[in-house]
Amino acid sequence: MRTFGIGALPLLASLSVASGLIRLGDGTGQAIAREIGALTTSAETNAATVAATDEVANVLAALESRQAALDEREAALDERETRIGEAREALRDQLAELEAAETELSALLQQVETAAEDDLTRLTTVYESMKPRDASALFETMAPAFAAGFLGRMRPDAAAGIMAGLSPEVAYSVSVMMAGRHADLPRE
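From a predicted model like this one, the values you see are computed outputs, not experimental measurements.

Asks: What am I meant to see in the overall build of the protein chain here?
Replies: Across its full length, the protein chain carries six helices and zero strands. For the protein chain, the sequential pattern of α-helices and β-strands runs α-α-α-α-α-α. The buried share among the 188 residues of the protein chain stands at 11%. A separation of at least 24 residues holds for 66% of the contacts in the protein chain among residues at least 6 apart in sequence. Entry remark: accessible area of the protein chain is about 15000 Å², with carbon and sulfur atoms responsible for 61%.

Below, the structure is given as structure tokens:
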């Protein structure tokens, strides 16, 4: 037989609904509303954070690009500095070579000057040792400037003997050359 009454399932459903209404009324609803508001605010904050993150990402990308450009420039400057250092070293080497060549050339010029002076001294001694008559005949054929150069280097007595044996015209030309050799030097 069947008894009339409320079944267990409808009874549980009504108790559950009643419990929910009580909770809404005693502040639980407010807590739920706060949670929903917090979720909404959190969603808005998340959207702002995403926008800010995109902006930060763009700034970071720009900084990384700038850093890459600076790294390239630094590498180029390092390469240039290396080339300049190598060029300086090459110039130092060339300068050292030039200085060595200059020293060598100076020594060679000194040898040449010494050899030429030795030759002139030897030849002057030869002309001084000759008999004045023979030397005069030789000096007659020389250019006056050349003859004056040798006579100016000789001992005065040997030069006088040779000049005495020259023709008057040649003796005059040689004398003018000897007198004018140092005329253009500054006087003190």
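Asks: Even after reading the chapter, I still don't get the packing of aromatic side chains, so can you show me in this structure?
Replies: A full pass over the atoms with the stated rule returns three aromatic pairs. Centre to centre, the rings of Tyr127 and Phe139 are 5.2 Å apart; their planes meet at 75 degrees, and the pair counts as edge-to-face. Here the residue Tyr127 occupies a position in helix H2 (residues 28-129), and Phe139 occupies one in helix H3 (residues 132-141), the gap between them amounting to 12 residues. A relative accessible area of 9% places Tyr127 in the buried class.

Reading the values: the criteria
Residues numbered from 1 in each chain as written. Predicted model: local features only at pLDDT ≥ 70, side-chain atom pairs only at ≥ 80, totals over all residues. Heavy atoms only, no water. Helix = DSSP H or I, 4+ residues; strand = E, 2+ residues; numbered from the N terminus. Buried < 20%, exposed > 50% of the residue type's maximum accessible area, 1.4 Å probe, protein only. Contact = heavy atoms within 4.5 Å. Areas by Shrake-Rupley, 256 points an atom, 1.4 Å probe, with all protein chains shown as cover. Phe/Tyr/Trp six-rings, centres within 6.5 Å; stacked < 30°, edge-to-face > 60°.

Purely geometric stuff here, so don't read any function into it on its own.
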